[in-house]
Amino acid sequence: MTQISVIGLGLAGACMVRALAQSAGPTTEVVAYEAASSPATGASGNPLGVMHPLASKDWNLASQFYAAGIEETWAWCEALGGMKAGWADRCGAVLMPQGSAEPSGGWVQPQALVTACLEDARTRLGKRLITHFNARLDHATLMDIREGSAAVVICTAGELLAPWAPGLCLNRIAGQLSWLPAQPHEGPLQVVCGDGYV
């Protein structure tokens, strides 16, 4: 068996596990480690995530990257049944201050996407998907994982990166949430964003 290890089972980790499951051969085993007792407990546990294009005057590489990522995310949400199940909606976005309508915008419930990705990966891999929760990985354990894996994908930020990429520093970013009274509709009817705020 060829083992590929994924560290972190938030949105990035679950999507990585699904992508690996889609391309895995019959002798590939995916082993995922999560520090919490369940997936999507950090920022990926927020009740709603908004997707909107990155507007630029010159359609630069960052804008093109965002656009490609949004289209791929919508394709995954469709394939995983997100729109039908009500945990994703391509309702569009309005970019302020110009007020331009962007049909590629919308919202997704990150925990539901994480769950769908892991369920899809489990369907594809069966017992070749191994998940470890409450996995507090110290330096020695990380080195053991590295030794036993053909590849290790780090899908978490912070101190776990130090042994893998000296000098590379990523920090967790906490977003700002505004809580509103619940309405019958699960997400916004349309996303409005500008100046980095939604």
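Along each chain, residue indices are assigned from 1 in the same order as the chain's sequence is written. A pLDDT threshold of at least 70 governs which residues receive local features in this predicted model, and a stricter bar of 80 or more applies before side-chain atom pairs are shown or counted, although totals over entire chains, interfaces and linings include all residues. Computation of side-chain values covers all heavy atoms of the structure but excludes hydrogens and water.

V6, V17, V30, C77, W87 and L113 are the most contacted members of the largest nonpolar core, which totals 28 residues. Only runs of H or I of at least four residues qualify as helices and only runs of E of at least two qualify as strands under DSSP, and these elements are numbered from the N terminus. Of all elements in the fold, only β1 (2-7), α1 (11-23), β2 (28-33), α2 (61-79) and α4 (110-125) reach the threshold of two or more residues within this core. Broken down by element, the residue count for this core peaks at seven residues, all from α4. Not counting chain neighbours up to four residues away, the residues in contact with V17 comprise V6, L9, V30, A32, L118, A121 and L129. Among the buried residues, those of types Ala, Val, Leu, Ile, Met, Phe, Trp, Tyr and Cys that are joined through side-chain atoms within 4.5 Å form a nonpolar core. Note on exposure labels: buried denotes an accessible area under 20% of the residue type's maximum, exposed denotes more than 50%, and partly exposed covers the range between, all computed with a 1.4 Å probe on protein chains only. Membership of the second largest hydrophobic core comes to seven residues, among which are A135, L137, L142 and I145. Should any heavy atoms of two residues lie within 4.5 Å, those residues are counted as being in contact.

Our next topic: the sheet that holds strand β4 (residues 88-89). Only when DSSP finds a minimum of two bridges between them are two strands counted as paired. With respect to topology, three strands assemble into an open sheet ordered β3-β7-β4, the strand pairing being antiparallel. Each edge of the sheet is formed by a strand with only one pairing partner; in this case those strands are β3 (49-51) and β4. As paired elements, β4 and strand β7 (residues 106-108) share two bridges and run antiparallel to each other. Looking across to β7, one finds that A88 is bridged to V108.

So, on to the pattern of salt bridges. For this analysis, a salt bridge means a side-chain nitrogen from Lys or Arg found within 4 Å of a carboxyl oxygen belonging to Asp or Glu. Within the structure shown, the criterion is met by three salt bridges. For R90, the salt bridge identified is with E71, shortest N-O distance 2.6 Å. Taken together, the residues R90 in the loop between β4 and β5 (93-95) and E71 in helix α2 connect sequence positions 19 residues apart. Classification of R90 by relative accessible area gives partly exposed; the value is 35%. Each member of the salt-bridge network shares a partner with another, and the members are R18, D120 and R124.

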